[in-house]
Amino acid sequence: MQLVKTHRDALLRPLQIVSGIVERRHTLPILANILIRKDGDDVTLLSTDIEVQISTHAAIGSGKETAATTVAARKLLDILRALPDSEVSLSLSNKRMTIQCGKSRFALQTLAAEEFPTVAQAEHYGAQFSLPQKTLKHLFNMVHFSMAQQDIRYYLNGLLLVVEGQNVIAVATDGHRLAFSQIVTDQQFARQEVIIPRKTILELQRLLEETDDPVTLAIATNQVKFSFSDIELISKLVE
């Protein structure tokens, strides 16, 4: 069954978006894979490390069938980067994915999509608000360098985000230095404080763009969700 038939760059971009959090070594081998879901011409790519989950979608599907599989993220990415800038097709047969471009052909082993452990979304999100992408990126830029890296005090390995009144505040500290940044919006918030893990902040720094396009934040008791462009990032919070 043919999953995707498109220009190389049209497949490479969504793959690069989701592959940033994929770990090379993991206790669960399937977490080195990305989940590819096809529903007609809409293709969703999803990756997770159990703590963070990123998904994006693109209209690059081939045919009207519905299918899902998982394949090694790094291998697929390396193959696509090495291919010439032309049409690429992905097809699935007998638990193998075939990548074809011109006279080049590659086969990758797949694992069943049913075994892929996706992050369960929270049933209820308390605070929800939107900011321009460049505003949120600037807020994180001003403080992220002060986050601890592998501190035994795990709550320092992240960024404190506080929303209160019209203010959105970011604070980071490693116990020796502290960075504080605040922006004022035209929205009103009930007070809420969450600690977002270091890995999530670094991934958002990579994905957010210097544009006025909105990013929507939805905060639950144990989870935060960022939605922007065609990307959805869900992250567990640090207690």
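Notes on the structure follow. Because the structure is a prediction, the values reported are computed rather than measured. (Residues numbered from 1 in each chain as written. Predicted model: local features only at pLDDT ≥ 70, side-chain atom pairs only at ≥ 80, totals over all residues. Heavy atoms only, no water.)

1. Observations regarding the overall build of the protein
Working step 1: Tallying secondary structure elements over the protein gives 4 helices and 14 strands in all.
Working step 2: Computed over the C-alpha atoms, the radius of gyration of the protein is 19 Å, within 12% of the 18 Å expected from 2.2 N^0.38 for a compact globule of 239 residues.
Working step 3: Seen along its three principal axes, the alpha-carbon backbone of the protein occupies a region of about 55 × 40 × 35 Å.
Working step 4: The buried share among the 239 residues of the protein stands at 50%.
Working step 5: Put simply, 66% of the contacts in the protein that link residues at least 6 apart link residues at least 24 apart.
Working step 6: As presented, the protein carries roughly 12100 Å² of accessible surface, and 48% of it is formed by carbon and sulfur atoms.
Working step 7: Each charge class in the protein was averaged separately, 25 positive and 27 negative side chains, and the resulting centres sit 8 Å apart. (Helix = DSSP H or I, 4+ residues; strand = E, 2+ residues; numbered from the N terminus. Rg over C-alpha atoms; globule rule 2.2 N^0.38 Å. Buried < 20%, exposed > 50% of the residue type's maximum accessible area, 1.4 Å probe, protein only. Contact = heavy atoms within 4.5 Å. Areas by Shrake-Rupley, 256 points an atom, 1.4 Å probe, with all protein chains shown as cover. Lys, Arg positive; Asp, Glu negative; His and termini not counted. Charge placed at Lys NZ, Arg CZ, Asp CG, Glu CD.)

2. Quick notes on the layout of surface pockets
Working step 1: Here the largest pocket is characterised by a volume of approximately 290 Å³.
Working step 2: Class assignment of the residues belonging to the lining of the largest pocket gives a composition of 4 nonpolar, 2 polar and 7 charged. (1 Å grid on protein atoms, 1.4 Å probe; cavity = no way out; pocket = protein on both sides within 12 Å on 5 of 7 lines; lining within 4 Å. Points joined across faces, edges and corners; volume = space filled by probe spheres on them. Nonpolar A, V, L, I, M, F, W, Y, C, P; charged D, E, K, R; others polar.)

3. What about the sheet that holds strand S7 (residues 96–101)?
Working step 1: A sheet is described by the order of its strands in space; here 12 strands give the open sequence S1-S6-S7-S8-S5-S2-S3-S4-S14-S13-S12-S9, paired in antiparallel fashion. The outermost strands of the open sheet, each flanked by one partner alone, are strand S1 (2–7) and strand S9 (128–132). Strand after strand, the sheet turns through a mean of 25 degrees between neighbouring axes, direction not considered.
Working step 2: The pairing of strand S5 (residues 66–72) with strand S8 (residues 104–111) spans 2 bridges and is classified as antiparallel. When the bridges of S8 are listed, Val 71 appears paired with Thr 110.
Working step 3: Set on the sheet, helix H1 (residues 8–19) makes contact with S1, strand S2 (33–39), strand S3 (42–48), strand S4 (52–58), strand S6 (87–93) and strand S14 (231–236); between it and S1 the angle comes to about 110 degrees. (Pairing = 2+ DSSP bridges. Axes fitted to C-alpha atoms, helices over the stretch in contact; angles between N-to-C directions.)

4. Brief notes about the nonpolar core
Working step 1: Residues Ile 34, Leu 76, Leu 136, Leu 161 and Phe 226 are the most contacted members of the largest nonpolar core, which totals 64 residues.
Working step 2: Counting residues per element, this core draws most heavily on strand S10 (residues 158–173), which supplies 6 residues.
Working step 3: The contacts of Leu 136, once residues within four sequence positions are left out, are Leu 131, Leu 208, Val 215, Leu 217 and Phe 226.
Working step 4: Grouped together as the second largest cluster of nonpolar side chains are 5 residues, Ile 30, Leu 35, Ala 113 and Phe 116 included. (Core = buried A, V, L, I, M, F, W, Y, C linked by side-chain atoms within 4.5 Å.)

5. Re the packing of aromatic side chains
Working step 1: Counted by the stated rule, this structure contains 2 aromatic pairs.
Working step 2: Ring geometry for Phe 129 against Phe 189: centres 4.7 Å apart, planes inclined by 55 degrees, an arrangement best described as tilted. Of this pair, Phe 129 sits in strand S9 while Phe 189 sits in strand S11 (residues 178–197); the two residues are 60 residues apart in sequence, bridging distant segments of the chain. Across the pair, exposure class does not vary: Phe 129 and Phe 189 are buried alike.
Working step 3: The interplanar angle of 75 degrees and the centroid separation of 5.8 Å between the aromatic rings of Tyr 154 and Tyr 155 together place this pair among those described as edge-to-face. (Phe/Tyr/Trp six-rings, centres within 6.5 Å; stacked < 30°, edge-to-face > 60°.)

6. Here's the deal with helix H3 (residues 133–141)
Working step 1: Within H3, the full set of buried residues consists of Gln 133, Leu 136, Lys 137, Leu 139 and Phe 140. Down the axis, H3 shows its buried residues gathered within 160 degrees of arc, on one side only.
Working step 2: Among the structural elements, S9, S10, S11, helix H4 (198–207), strand S12 (214–219) and strand S13 (223–228) are those in contact with the buried residues of H3. (Arc of directions from axis to C-beta.)

7. With respect to unusual backbone geometry
Working step 1: Positive phi values are uncommon outside glycine, yet Ile 50 reaches one of about 80 degrees.
Working step 2: Structurally, Ile 50 can be placed in the loop between S3 and S4.
Working step 3: One non-glycine residue, Lys 95, lies in positive phi territory at about 60 degrees.

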